[in-house]
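Single-letter residue listing:
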Amino acid sequence: MTKTLVGTPDEQPRKRKKTPKLRDGVVKRGSTWSYVIRVQDPETGESRPRWVGGFPTEDGAKAARDEARVKARRGEYIDRNAITVAEYLADWIEGHAVEIKPHTLKGYRDMIRLYIVPRIGKARLQALRPSTITKLYRDLLTGGGRTGDPLAANTVKHVHIVLRKALTDAVLVDELIPNNPAERAKLPRVPATEPGMIWTPAQLRAFLETASDHRLFAFFHLAAYTGARRGELLNLRWRDVDLDTPQIHIKGSAAVIDRQRVEGTTKSGRSRVVSLDAHTVRVLKAHRARQDADKLKVGEEWKGKDTYVFTTGWGEPVFPDTVSSLMPKLIKAVPGLPPARLHDLRHIHATTLLMAGVPIHVVAARLGHADPAITLRVYAHVITEQAATAADTFARAVSS
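Residues numbered from 1 in each chain as written. Predicted model: local features only at pLDDT ≥ 70, side-chain atom pairs only at ≥ 80, totals over all residues. Heavy atoms only, no water.

Caption draft 1: Local environment of the pairing of strand 1 (residues 26–29). In terms of strand pairing, strand 1 meets strand 2 (residues 32–40) through four bridges, oriented antiparallel. Bridging from a neighbouring strand, Arg29 pairs with Thr32 of strand 2. Counting the residues that bridge the hairpin from strand 1 to strand 2 gives two residues, and of these Gly30 lies at a positive phi of roughly 70°. (Pairing = 2+ DSSP bridges. Helix = DSSP H or I, 4+ residues; strand = E, 2+ residues; numbered from the N terminus.)

See the structure below:
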């Protein structure tokens, strides 16, 4: 006998939809599996559920659940986050803009804008793997230049430095990823490079004699006789120069960013004192007398409100690129003098001192290296040459 249902459709019993059953923190939703664990909020101390889904199999969801439970007990659990590499790097660089030196900051921005974001910017930060970053480095090496040319290995190394630093903060500061994939990526080998062309003392003298008639002669003399960097000398004020002791106090540096002259700290972030010889004192005295004559000639139009050691004829601080572009012009005026960069005057200073037997830590202090190990690494070839003669030096000392 057929049973007849009485009443309106609303009054008829409805068929209940089956609710997926949660078994030990794992449940099937549609065609995939999910798990849920409880994680304690470190700020409030409250325990809240965290759902993670998208696993193709039940076993996969259970394995991930077990791993998440262990991390939760250790306080290492990290919520899933959809932030991309580009989004994180944009926030990261803005957050560090105050504490990074302007010139370094520009370099970081360039590395991110030109090389990192175009290739892996759209990837989720939490999806980054060492293999992803290794491929990034490989792609940059083979065609990372602006016209598709190979990118220099040293530039790729700088990309790695920026990315590793940012991802370290993503682990330790922002707690968005459990570990730094850049630490395990395979970085291309960068061949060790030694300083460029180094003049002999005679060649340096010939260069300085030719430059002696130029109003910026004292700059090139001081660069060679102190080993200071270009920006450090162009940031120097007369109040930082003590011609009685005699010494200079290097406190900061000048650089060019977006065609603007900017000033900041030294490369190491620390100031230093560098001693001067008697000849250099005479050169600086003559330079100051010449500058005073310029100031008297210009009169009220003098722009030197802050007493920079090296200025234009109107008293304005010298633009860093000015001295760099001037050096090759002065070199051409010396017959047979090999080409060299302005920075090579620093290398000449260091090499000459090391070959004369000056202790490595003394040379490092004059150059402003934070650690003598840097000096050892840069001038390893000089140290090797000295080591070759060490036996003869000892034998002569004992014989005498």
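So that's the structure; there's more coming.
Caption draft 2: Spatial organisation of a positive patch on the surface. Judged by side-chain charge, Arg80, Arg124, Arg129 and Arg184 come together as a positively charged surface patch. Looking at where Arg80 falls in the secondary structure, it is placed in the loop between helix 1 (58–74) and helix 2 (85–95). Under the relative-accessibility criterion, Arg80 is labelled exposed at 56%. (Patch = residues over 30% accessible without salt bridge, like charges linked within 9 Å, V, L, I, M, F, W, Y side chains within 5 Å. Areas by Shrake-Rupley, 256 points an atom, 1.4 Å probe, with all protein chains shown as cover. Salt bridge = Lys/Arg side-chain N within 4 Å of Asp/Glu carboxyl O. Lys, Arg positive; Asp, Glu negative; His and termini not counted. Charge placed at Lys NZ, Arg CZ, Asp CG, Glu CD. Buried < 20%, exposed > 50% of the residue type's maximum accessible area, 1.4 Å probe, protein only.)

Caption draft 3: Structural context of the pattern of salt bridges. For the coordinates displayed, the defined rule picks out 16 salt bridges. When the shortest N-O distance is used, the salt bridge between Arg341 and Asp344 registers 2.9 Å. A relative accessible area of 3% means that Asp344 is categorised as buried. A single salt-bridge network, built from bridges that share partners, covers Asp24, Arg65, Asp66 and Arg69.

Caption draft 4: Seen up close, the environment of Val98. Note on placement: Val98 falls in the loop between helix 2 and helix 3 (102–120). Val98 gets classed as exposed once you look at its relative accessible area, which sits at 80%.

Caption draft 5: Seen up close, the packing of aromatic side chains. Per the stated rule, a full pass over the model turns up six aromatic pairs. Between Tyr35 and Phe55, the aromatic rings sit 5.7 Å apart at their centres with planes inclined by 35°, giving tilted as the arrangement. With a gap of 20 residues between them, Tyr35 in strand 2 and Phe55 in strand 3 (residues 47–55) connect regions that are remote in the sequence. For the pair formed by Tyr35 and Phe55, the shared burial category is buried. Following the ring pairs from residue to residue traces out a cluster consisting of Trp199, Phe207, Phe219, Phe220 and Phe310. Over the face of the ring belonging to Trp238 we find Arg288, whose NZ or CZ atom lies 4.5 Å from the ring centre. (Phe/Tyr/Trp six-rings, centres within 6.5 Å; stacked < 30°, edge-to-face > 60°. Lys NZ or Arg CZ within 6 Å of the ring centre and 35° of its normal.)

Caption draft 6: Structural view of the sheet that holds strand 8 (residues 272–275). Spatially, three strands are ordered 4-5-8 in an open sheet, and the strand pairing comes out antiparallel. Of all strands in the sheet, those with a lone pairing partner are strand 4 (241–242) and strand 8, marking the two edges. Across four bridges, the pairing between strand 5 (residues 247–250) and strand 8 is antiparallel. Of the residues in strand 8, the one forming a bridge with Ile250 is Arg272.

Caption draft 7: Region of the structure containing the side chain of Glu232. Here Glu232 is to be found in helix 8 (residues 230–234). On the basis of relative accessible area, Glu232 is assigned to the buried category, the value being 1%. Side-chain polar atoms of Glu232 contact the side chain of Arg272, separated by 2.7 Å. Excluding residues within four positions of it along the chain, Glu232 makes contact with Ile250, Gly252, Ser253, Thr266 and Arg272. (Polar contact = N/O pair within 3.5 Å; in protein donor to acceptor, adjacent residues only side chain to side chain. Contact = heavy atoms within 4.5 Å.)

Caption draft 8: Layout of a negative patch on the surface. A surface patch of like charges, here negative, comprises Glu87, Asp91, Asp174 and Glu175. If you trace the backbone, Glu175 turns up in the loop between helix 5 (153–172) and helix 6 (201–211). Of the residues examined, Glu175 reaches a relative accessible area of 54% and is grouped as exposed.

Caption draft 9: The arrangement of the side chain of Thr84 in detail. Of note, Thr84 is situated in the loop between helix 1 and helix 2. Since its relative accessible area comes to 16%, Thr84 is described here as buried. Setting aside its immediate chain neighbours within four residues, Thr84 contacts Gly121, Lys122, Ala123, Arg124 and Leu125.

Caption draft 10: Layout of the packing of helix 11 (residues 344–355) against helix 12 (residues 360–367). Axis separation between helix 11 and helix 12 bottoms out at 10 Å; the angle between their running directions is 160°. Regarding the angle of helix 11 to helix 12, the classification is roughly antiparallel. The two elements helix 11 and helix 12 cross, and the hand of that crossing is right-handed. On helix 12, the residues that touch Arg346, His349, Ala350, Leu353 and Leu354 of helix 11 are Ile360, Val363, Arg366 and Leu367. Taken together, the residues of the contact of helix 11 with helix 12 break down into six nonpolar, one polar and two charged. (Axes fitted to C-alpha atoms, helices over the stretch in contact; angles between N-to-C directions. Parallel < 35°, antiparallel > 145°, perpendicular 65-115°, else oblique. Left-handed = near helix turned anticlockwise from the far one by under 90°. Nonpolar A, V, L, I, M, F, W, Y, C, P; charged D, E, K, R; others polar.)

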